[in-house]
Amino acid sequence: MKKLMLGNEAIARGVYEAGATVATAYPGTPSTEITESIAKYDEIYSEWAPNEKVALEVAIGASIGGARAATAMKHVGLNVAADPLFTASYTGVNGGLVIFVADDPGMHSSQNEQDTRIIARGAKVPVIEPSNSQECKDFTKEAFRISEEFDTPVIVRLSTRVSHSQGIVELGDRENYELKPYVKNPAKYVMMPAMARRRHVSVEERMAKLRDFAEHSLLNRIEWGDKKIGVITSGIAYQYAREAFGDVSYLKLGMVYPLPENLIKEFASQVETLYIIEELEPFIENQCRKMGLKVTGKDKLPVIGEYSAGLIKEKLLGETSEKLNDIQDEVPVRPPVLCAGCPHRATFYVLKKLKLTVTGDIGCYTLGALAPLESVDTTICMGASVGVAHGLEKARGKEQSKNTVAVIGESTFIHSGITGLIDMVYNNCSGTVIILDNSITAMTGHQHNPTTGYNIKGEPAKKVDLVKLCQAIGVERVKVCDPFNLKEFEQIVKEEVAADELSVIIAQRPCALLKHVKFGTILTINQDKCTKCRMCMRLGCPAIVDRGDHVEINSTQCAGCDLCPKVCRFNAIEKAGGRE
Amino acid sequence: MNNTSILIVGVGGQGTLLASRILGDVALSSGLDVKVSEVHGMSQRGGSVVTYVKVGEKVYSPIIEKNEADIILCFEKLEALRWIDYAKKDAKIIINDQRIDPMPVITGKAKYPENIIEKIKANYKNVIVVPALEIAKKCGNIKAVNVVMIGVMARHSMFEKDIWIKAIEKTVKPQFLEVNLKAFEEGYNQSDT
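Keep in mind that what you see is a predicted model, and the values were worked out from it rather than measured.

Draft legend 1. Region of interest: the overall build of chain B. Summing up its helical and strand segments, chain B has eight helices and six strands in all. Mapped from its N terminus to its C terminus, chain B presents α and β elements in the order β-α-β-β-β-α-β-α-α-β-α-α-α-α. Whereas a compact globule of 193 residues would reach a radius of gyration of roughly 16 Å, chain B reaches 16 Å, a difference of no more than 12%. Summarising its shape, the C-alpha atoms of chain B cover approximately 50 × 40 × 35 Å along the three principal directions. When each of the 193 residues of chain B is scored for burial, the buried share is 59%. Contacts spanning at least 24 positions in sequence make up 66% of the contacts within chain B whose residues lie at least 6 apart.

Encoded structure:
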């Protein structure tokens with residue numbers, strides 16, 4: 001049976017067909033749908049873990065326990081999971097262990113553009129790279145096999161365009177994989193110096209075997225065409241190269257670490273001009289240059305951003321596309337915005353009004369950095385809002401915390417804000433942390449987390465009580481408030497920022513896009529009462545539009561959340577009486 | 001290369017993803033190769049969004065580039081203008097005559113360009129303008145804009161009408177099926193303007 005599947009859905013299918021029984025992840029674009037799709041197979045236990053490190057550790061445990069286990073994350077998630085990764089490389093596996101990592105060239109939804117292959121090489125873990133949905137499924141099954149044959153975790157590297165492109169996939173049956181016996185083996189699984197020294201030897205032996213394997217693996221294939229041009233490429237770059245060059249010769253690498261040096265040399269010897277086409281870092285290219293091959297690659301192609309067939313044609317073949325019109329001179333940008341009805345809008349409105357320094361974090365609320373709210377001062381990585389606020393105080397003294405808050409979503413707080421907050425408690429910080437609790441992991445497309453009371457399948461689950469958690473680690477001032485109660489919220493923020501002690505404010509209001517969130521009737525501006533003071537414009541609501549001579553509410557955009565009447569001093573914003 | 005390239009552009013939240021999934025399903029049932037490239041994550045939050053659909057004997061790159069699109073399905077006027085250079089000179093350009101102001105326009109830092117439709121028509125000859133929001137409202141749900149647009153495109157496509165309807169039945173949630181089938185029908189029956 002053939003099906004149109006996202007790369008991520010095809011990965012999930014591969015995990016299913018490989019007979020895996022445990023999958024765990026923290027959501028992160030562009031990897032999220034892998035685990036969401038796995039959760040639809042009842043044969044596989046699946047879960048949202050609090051963060052990628054925990055997820056990988058759970059997968060390692062499942063592997064040691066004899067199951068085929070999978071975990072998925074975005075590129076920056078691998079940084080969080082790097083600690084277990086580097087040592088799981090030493091322990092090896094029992095059941096197959098595959099780590100799916102989705103890079104984001106072009107940063108569609110990320111804070112940096114790092115290349116997973118470099119971390120994998122550091123950890124000495126083999127990397128497999130599919131270039132379309134069918135390969136996502138097939139390579140996943142091969143990854144589990146390689147993991148067991150070579151006693152190693154395997155990374156399957158994806159990129160946004162592979163993960164989020166649908167392609168045709170031929171479905172197969174699920175392998176009847178039997179749980180391997182669990183045998184106590186401290187020499188393999190207890191990584192203290194004496195044992196780890198021996199395991200490092202095994203790792204190096206394994207790498208040698210994998211280099212051998214790469215030479216003959218079907219993951220790497222040559223497609224002979226015109227031999228004037230030879231292209232070594234992998235992943236999505238292969239698709240772009242095929243389209244740019246047409247019928248030339250290709251060495252398409254499905255295994256990008258370790259590389260098949262002899263195969264590369266053989267291929268290089270038969271073509272006149274050799275191009276290396278890979279997004280981000282010159283990973284394959286550097287190795288080829290080290291081997292003494294004459295290649296063209298990053299000397300002409302960028303290390304920044306996404307590739308395309310057009311870019312390859314332009315940079316390598318000197319072909320540019322003709323401009324067919326001149327009507328696009330003044331197209332205003334359309335950056336993403338907080339949705340109409342978004343709870344974060346109220347929070348940032350207050351923070352901006354109070355002119356606070358705001359250390360921010362990763363989530364929808366990162367958009368609080370954009371005009372007109374423009375509240376956020378810093379965004380580094382998951383959980384950093386808390387540590388950065390603490391560091392600001394330690395650098396600039398207690399006075400700094402009188403005008404600083406950290407803002408962090410509830411899911412991000414669970415992910416890696418808790419330890420930062422413990423640092424604040426332990427090291428006597430008087431800062432203020434606002435946990436934006438919108439009852440869901442929103443930005444990645446509404447995943448449950450340990451605070452929502454539901455698991456990945458939507459079944460009721462134990463719920464972390466944020467108030468009790470903060471109190472338990474020693475935060476004495478914990479306040480809970482709905483940010484839409486603007487006055488009360490503003491008052492609480494003022495008090496807590498002024499306090500000489502550490503405080504946590506839990507700004508609690510569900511995401512406007514959650515199904516159970518029901519707003520009232522939509523709003524309209526009574527032009528007779530409106531003085532055009534434009535206070536409402538400061539909310540940055542996509543439904544409130546400045547028409548120049550007047551301000552109006554766009555009835556198709558308005559959610560009816562009732563926030564804007566609260567900032568209008570002239571009671572000019574009224575119920576419109578039903579949605580059109 | 002004789003692949004058909006279709007670009008679907010709009011504003012995050014308008015349902016371009018669902019439209020591309022219906023289109024992908026139609027292409028799959030035709031027995032051709034197909035790739036659909038979507039954007040998820042941050043830009044979905046009210047940002048400019050684009051989906052690429054490519055259908056043909058063999059599709060390599062999932063991306064459509066400048067001057068390559070055979071059809072552009074535009075859910076919003078400004079987005080039509082933003083992506084118009086992806087159209088071939090003789091591309092079918094189907095535009096929902098709806099205006100959604102981006103934040104720089106809302107805050108007064110930029111102007112919403114005037115006479116977008118006229119400008120596009122002056123440069124491209126196959127332009128179809130659809131009051132999709134009005135039609136969707138008439139059908140009972142403003143969110144059905146995407147399926148109205150699919151309906152318009154269906155009439156100009158190489159695929160039979162019932163293949164489209166089957167794809168909609170497969171893709172749309174049961175509780176919204178009736179309104180969406182109505183929206184499709186209305187779109188399908190739009191006269192070209």
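Now that the structure has been shown, we can carry on.
Draft legend 2. Here's a closer look at the overall build of chain A. Helix and strand counts for chain A stand at 19 helices and 23 strands. Principal-axis analysis of the C-alpha atoms gives chain A an extent of 80 × 65 × 50 Å. For chain A, the proportion of its 580 residues judged to be buried stands at 54%. Taking all contacts inside chain A whose residues are at least 6 apart in sequence as the whole, residues at least 24 apart take part in 75%.

Draft legend 3. Here's a closer look at the interface of chain B and chain A. With 49 residues of chain B at the interface, the matching set in chain A holds 48 residues. Listing elements by their share of the side of chain B that touches chain A, those giving two or more residues are helix H1 (16-29), strand S2 (33-37), helix H2 (77-83), helix H3 (103-106), helix H4 (116-123) and helix H5 (132-139) of chain B. It is S2 of chain B that provides the largest number of residues to the side of chain B that touches chain A, a total of five residues. Partitioned by chemical class, the residues of the side of chain B that touches chain A number 22 nonpolar, 14 polar and 13 charged. Examined bridge by bridge, strand S8 (residues 165-170) of chain A and S2 of chain B share two bridges and lie antiparallel to one another. Bridged to Ser165 of chain A within S2 of chain B is Ser37 of chain B.

Draft legend 4. Representation of the pairing of strand S13 (residues 273-277) of chain A in the model. Residues and elements named next belong to chain A. Counting buried positions along S13 gives four out of five residues, so the element sits mostly inside the fold. Taken together, the five bridges between strand S10 (residues 226-234) and S13 define a ladder with parallel strand orientation. Within the sheet, the bridge partner assigned to Gly230 lies in S13 and is Leu274.

Draft legend 5. Quick peek at helix H6 (residues 145-155) of chain B. The buried fraction of H6 of chain B is high, at 10 of 11 residues. Every buried residue of H6 of chain B is listed here: Val145, Asn146, Val147, Val148, Met149, Ile150, Gly151, Val152, Met153 and Ala154 of chain B.

Draft legend 6. The arrangement of the sheet that holds strand S1 (residues 4-11) of chain B in detail. Pairing is mixed across the open sheet formed by eight strands, whose spatial order is S1(A)-S8(A)-S2(B)-S3(B)-S1(B)-S4(B)-S5(B)-S6(B). Of all the strands in the sheet, the pair left with one neighbour each is strand S1 (2-6) of chain A together with strand S6 (127-130) of chain B. Across the sheet, the mean angle separating the axes of adjacent strands is 20° when strand polarity is ignored. The pairing of strand S5 (residues 87-96) of chain B with S6 of chain B spans four bridges and is classified as parallel. Counted as the bridge partner of Ile94 of chain B is Ile128 of chain B from S6 of chain B. Sheet strands in contact with helix H1 (residues 7-17) of chain A are S1 and S8 of chain A, and its direction is about 115° off that of S1 of chain A. Docked against the sheet, H1 of chain B engages S1 and S8 of chain A together with S1, S2, strand S3 (48-56) and strand S4 (69-74) of chain B, running at close to 5° with respect to S3 of chain B.

Draft legend 7. Main features of the packing of helix H3 (residues 52-64) of chain A against helix H5 (residues 82-91) of chain A. Residue and element names in this part refer to chain A. Contact pair H3 / H5: the axes reach a minimum separation of 8 Å and the direction vectors enclose 30°. Judged by the inter-axis angle, H3 sits roughly parallel to H5. On H5, the residues touching Lys53, Leu56, Glu57 and Ile60 of H3 are Asp83, Pro84, Leu85 and Ala88.

Draft legend 8. The domain arrangement of chain A, seen in detail. Residue and element names in this part refer to chain A. When the domains of chain A are assigned, the result is domain 1 (2-216), domain 2 (221-317), domain 3 (343-508) and domain 4 (523-575). Computed from C-alpha coordinates alone, the two centres of domain 1 and domain 3 are separated by 32 Å. The interface of domain 1 with domain 3 comprises 14 residues on the first partner and 17 residues on the second. Every element with two or more residues in the side of domain 1 that touches domain 3 is listed here: strand S3 (45-48) and helix H4 (75-80). Of all the elements, S3 adds the most residues to the side of domain 1 that touches domain 3, at three residues.

Draft legend 9. Region of the structure containing H1 of chain A. Residue and element names in this part refer to chain A. Across the 11 residues of H1, 11 count as buried, placing the element largely inside the fold. Taken as a whole, H1 has its buried residues at Gly7, Asn8, Glu9, Ala10, Ile11, Ala12, Arg13, Gly14, Val15, Tyr16 and Glu17. Looking one or two residues past H1, Gly19 carries a phi angle of roughly 80°, positive in sign.

Draft legend 10. Focus on the sheet that holds strand S5 (residues 97-103) of chain A. Residue and element names in this part refer to chain A. Pairing in this open sheet of seven strands is mixed, and the strands run S3-S2-S4-S5-S7-S6-S12 from one edge to the other. Among the strands making up the open sheet, the edge pair consists of S3 and strand S12 (255-257). Sheet topology note: the strand S4 (residues 69-74)/S5 ladder contains six bridges and is parallel. Bridge assignment links Met73 to a residue of S5, and that residue is Val101.

How each quantity is defined
Residues numbered from 1 in each chain as written. Chains lettered and ligands numbered in written order. Predicted model: local features only at pLDDT ≥ 70, side-chain atom pairs only at ≥ 80, totals over all residues. Helix = DSSP H or I, 4+ residues; strand = E, 2+ residues; numbered from the N terminus. Rg over C-alpha atoms; globule rule 2.2 N^0.38 Å. Buried ≥ 20, exposed ≤ 12 C-beta atoms within 10 Å, placed from the backbone. Contact = placed C-beta atoms within 7 Å. Nonpolar A, V, L, I, M, F, W, Y, C, P; charged D, E, K, R; others polar. Pairing = 2+ DSSP bridges. Axes fitted to C-alpha atoms, helices over the stretch in contact; angles between N-to-C directions. Parallel < 35°, antiparallel > 145°, perpendicular 65-115°, else oblique. Domains from an automatic or database assignment.

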